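This is what each chain is made of:
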Amino acid sequence: IIAFGVVLAQANAQTEKSTKSAELPAELADFTAKYEGAIEKAEAPLSQLKSGYLAKLVELKDTEQAAGNLENVLMVTKEIERLKTNEPGRNSKLGELASLQGIYHRHAESTAPRVYLENIRIEEAYLQGLNEMIVTYTRRGQLKEALAARELLSKSKERVRKWNRLASVGSSNHDPFAFFD
């Protein structure tokens, strides 16, 4: 299970740092930077949750290491690695780790749908702005700029499809992370 699906989408949402802002016309780069800032702000609750979870995992690892519990250290280390690849585990054999996993997943499951919906709102505004920029650039004869905006538009449309899938799963009675199974 990829339990922190929003991070996967977040990587995409950053538009590969928007086709390298240095390559974009200034107006388009500025617009894209504002979009990226809005996405980052919207995703802050999940980013903070992940950071807090990682801090607790490191603390638990240090405690287990100080106690000389090799197997427990290995379990926690594996969970840290899983978190880095956006696949946090569930129901560990180590009680303290299982408790942390449960807390993480409960909060992620309640927070993720709100984040997905906010990302859709931001992404749709970005799409609208990109469409307007394409028309403006085309009218001005700035075809290179129009094509750059069109490339961003295409990537944005794909992200909207992903966010809509995530939001529909997250708003149902199903486990929002089961979508990634």
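Quick caveat: nothing in here was measured; it's all calculated off a predicted structure. (Residues numbered from 1 in each chain as written. Predicted model: local features only at pLDDT ≥ 70, side-chain atom pairs only at ≥ 80, totals over all residues. Heavy atoms only, no water.)

**What to know about the side chain of Glu123**
Argument step 1. Along the polypeptide, Glu123 turns up in helix 6 (residues 95-140).
Argument step 2. A residue is classified by how much of its surface remains accessible, and Glu123, at 0% relative accessible area, is buried.
Argument step 3. Discounting residues that sit within four places of it in the chain, Glu123 has contacts with Tyr35, Ile39, Ser156, Arg159, Val160 and Trp163. (Helix = DSSP H or I, 4+ residues; strand = E, 2+ residues; numbered from the N terminus. Buried < 20%, exposed > 50% of the residue type's maximum accessible area, 1.4 Å probe, protein only. Contact = heavy atoms within 4.5 Å.)

**Side note on the pattern of salt bridges**
Argument step 1. The full count for this structure, using the stated rule, is 8 salt bridges.
Argument step 2. Two residues, Asp30 and Lys34, come together in a salt bridge whose shortest N-O distance is 3.4 Å. With Asp30 and Lys34 both in helix 3 (residues 26-42) and 4 residues apart, this pair spans about one turn of that helix.
Argument step 3. Looking at Lys34, the relative accessible area reads 56%, which means it is exposed.
Argument step 4. Where Arg159 meets Glu123, a salt bridge forms, and the shortest distance between an N and an O atom there is 2.8 Å. Remark: Glu123 occurs in helix 6 and Arg159 occurs in helix 7 (residues 143-170); sequence separation between them is 36 residues. Considered together, Arg159 and Glu123 belong to a single accessibility category, that of buried residues. (Salt bridge = Lys/Arg side-chain N within 4 Å of Asp/Glu carboxyl O.)

**Side note on the packing of aromatic side chains**
Argument step 1. Per the counting criterion, the structure on display carries 4 aromatic pairs.
Argument step 2. Each ring, one from Tyr53 and one from Tyr104, has its centre 4.5 Å from the other, and the planes form 25 degrees; the classification is stacked. Placement of the pair is Tyr53 in helix 4 (residues 44-66) and Tyr104 in helix 6, with a sequence separation of 51 residues. Residues Tyr53 and Tyr104 agree in their burial class; the two are buried.
Argument step 3. Relative to Trp163, the ring of Tyr116 has its centre 5.6 Å away and its plane inclined at 40 degrees; by these criteria the two rings are tilted. (Phe/Tyr/Trp six-rings, centres within 6.5 Å; stacked < 30°, edge-to-face > 60°.)

**Brief notes about the environment of Gly52**
Argument step 1. Locating Gly52 in the fold gives a position in helix 4.
Argument step 2. Residue Gly52 is classed as partly exposed on the basis of its relative accessible area of 34%.
Argument step 3. For the pair Gly52 and Tyr104, spaced 52 residues apart in sequence, the C-alpha separation works out to 9.0 Å.

**Description of the nonpolar core**
Argument step 1. The biggest cluster of nonpolar side chains holds 20 residues, and the ones touching the most others in it are Tyr53, Leu57, Leu60, Val76, Leu97, Tyr104 and Tyr116.
Argument step 2. Of all the elements in the fold, those that place two or more residues in this core are helix 4, helix 5 (70-84), helix 6 and helix 7.
Argument step 3. Examining the composition of this core, we find that 8 residues originate from one element, helix 6, more than from any other.
Argument step 4. Apart from residues lying up to four places away in sequence, Leu97 is in contact with Tyr53, Leu57, Leu60, Met75, Val76, Glu79 and Ser92.
Argument step 5. Ranked by size, the runner-up nonpolar core spans 19 residues in total, among them Leu127, Met133, Ala148 and Val160. (Core = buried A, V, L, I, M, F, W, Y, C linked by side-chain atoms within 4.5 Å.)

**Here we look at the side chain of Asn72**
Argument step 1. In this structure, Asn72 sits in helix 5.
Argument step 2. At 2.9 Å, the side chain of Asn72 forms a polar contact with the side chain of Glu64.
Argument step 3. When neighbours within four sequence positions are excluded, Asn72 is seen to be in contact with Glu64 and Leu94. (Polar contact = N/O pair within 3.5 Å; in protein donor to acceptor, adjacent residues only side chain to side chain.)

**Points about unusual backbone geometry**
Argument step 1. Even without being glycine, Asn86 reaches a positive phi, approximately 65 degrees.
Argument step 2. Looking at where Asn86 falls in the secondary structure, it is placed in the loop between helix 5 and helix 6.
Argument step 3. The backbone of Asn91 shows a phi angle near 55 degrees, a positive value even though the residue is not glycine.
Argument step 4. Looking at the secondary structure, you find Asn91 in the loop between helix 5 and helix 6.

**Some thoughts on the confidence of the model for the protein**
Argument step 1. Chain-level statistics for the protein give a pLDDT mean of 84 and a share of 81% at 70 or above.
Argument step 2. Low pLDDT, under 50, characterises residues 1-16; the stretch is placed with 55 contacts to residues that sit more than four places away or in other chains.
Argument step 3. Counted against residues more than four places away or in other chains, residues 171-181, with its pLDDT under 50, gives 25 contacts. (pLDDT = per-residue confidence, 0-100.)

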